[in-house]
Amino acid sequence: GQPAGWPLLNCSALDGAVLNASDVNLLFLSSQSNQERTTSATCESPSSWSGGKCWSSVEHRALPIFAFFAARDFNARDGRYVPAFANLTGCDKQIKLTLADSRTSGTQVLKS
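Model, not experiment: these values are computed from the prediction. (Residues numbered from 1 in each chain as written. Predicted model: local features only at pLDDT ≥ 70, side-chain atom pairs only at ≥ 80, totals over all residues. Heavy atoms only, no water.)

Asker: Tell me what's going on with the side chain of R77, and back it up with residues and numbers.
Answerer: Here R77 lies in the loop between α1 (58-76) and β4 (93-101). No salt bridge is formed by the buried R77; the nearest opposite charge belongs to D92, separated by 6.6 Å. From its side chain, R77 meets the backbone oxygen of L88 in a polar contact 3.1 Å long. The contacts of R77, once residues within four sequence positions are left out, are F85, A86, L88, C91, D92, K93 and Q94. (Helix = DSSP H or I, 4+ residues; strand = E, 2+ residues; numbered from the N terminus. Buried < 20%, exposed > 50% of the residue type's maximum accessible area, 1.4 Å probe, protein only. Lys, Arg positive; Asp, Glu negative; His and termini not counted. Salt bridge = Lys/Arg side-chain N within 4 Å of Asp/Glu carboxyl O. Polar contact = N/O pair within 3.5 Å; in protein donor to acceptor, adjacent residues only side chain to side chain. Contact = heavy atoms within 4.5 Å.)

Right under this line is the structure:
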């Protein structure tokens, strides 16, 4: 069985049957750049100007990396960092991760 409160209740093969993998689409929306700072002059530290955008600090830009590694480990059933992943050998789910920059307006992006 799954741990109590496990959020992926349908993530197990019935009676040990092998099921076809099904993708779980996951959007990871994070503020990577600032839409209000439109010139290098208005892009202040710790942000940095590059490619016509004012990019958030390194700490903010690192967040999608953690999402990528979590999805990778889930898909590989690698329990090195999240031990529960190793117990999902009968799971038919694969995370299909999409990373997106909200440009500091996540609410507006979700409404679109």
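Asker: Hey, could you go over the state of the cysteines for me, with residue numbers and the actual values?
Answerer: Within the structure shown, the criterion is met by one disulfide. Put simply, C43 and C54 are joined by a disulfide, and their sulfur atoms are 2.2 Å apart. Taking the sign of the S-S torsion, about 80° here, the bridge from C43 to C54 comes out right-handed. In this pair, C43 is assigned in the loop between β1 (22-30) and β2 (48-50) and C54 in strand β3 (residues 53-55), connecting sequence segments eleven residues apart. (Disulfide = S-S within 2.5 Å.)

Asker: Please give an account of a nonpolar patch on the surface that cites residues and values.
Answerer: The grouping of I65, F68, F69 and L99 at the surface amounts to a nonpolar patch, some 370 Å² of accessible area in total. Examined against the element boundaries, F69 turns out to sit in helix α1. (Patch = residues over 30% accessible without salt bridge, like charges linked within 9 Å, V, L, I, M, F, W, Y side chains within 5 Å. Areas by Shrake-Rupley, 256 points an atom, 1.4 Å probe, with all protein chains shown as cover.)

Asker: Mind laying out α1, listing which residues take part and the relevant values?
Answerer: Here α1 contains 19 residues, and its C-alpha end-to-end distance of 28 Å stays within 8% of the 27 Å for a straight helix at 1.5 Å per residue. Turning to α1, its buried residues are P64, A67, A71, D73 and F74. On the buried face of α1, the contacting elements are β1 and β4. After α1 finishes, the residue R77 shows a positive phi value of roughly 55°. (Expected span 1.5 Å × (residues − 1).)

Asker: Hey, could you go over the packing of aromatic side chains for me, with residue numbers and the actual values?
Answerer: Applying the stated criterion to the full structure yields two aromatic pairs. Ring geometry for F74 against F85: centres 5.4 Å apart, planes inclined by 85°, an arrangement best described as edge-to-face. Within this pair, whereas F74 is found in helix α1, its partner F85 is found in the loop between α1 and β4, the two being separated by eleven residues in sequence. Assigned by exposure class, F74 and F85 land together as buried. A cation sits over an aromatic face here: R77 above F74, 4.5 Å from the ring centre. (Phe/Tyr/Trp six-rings, centres within 6.5 Å; stacked < 30°, edge-to-face > 60°. Lys NZ or Arg CZ within 6 Å of the ring centre and 35° of its normal.)

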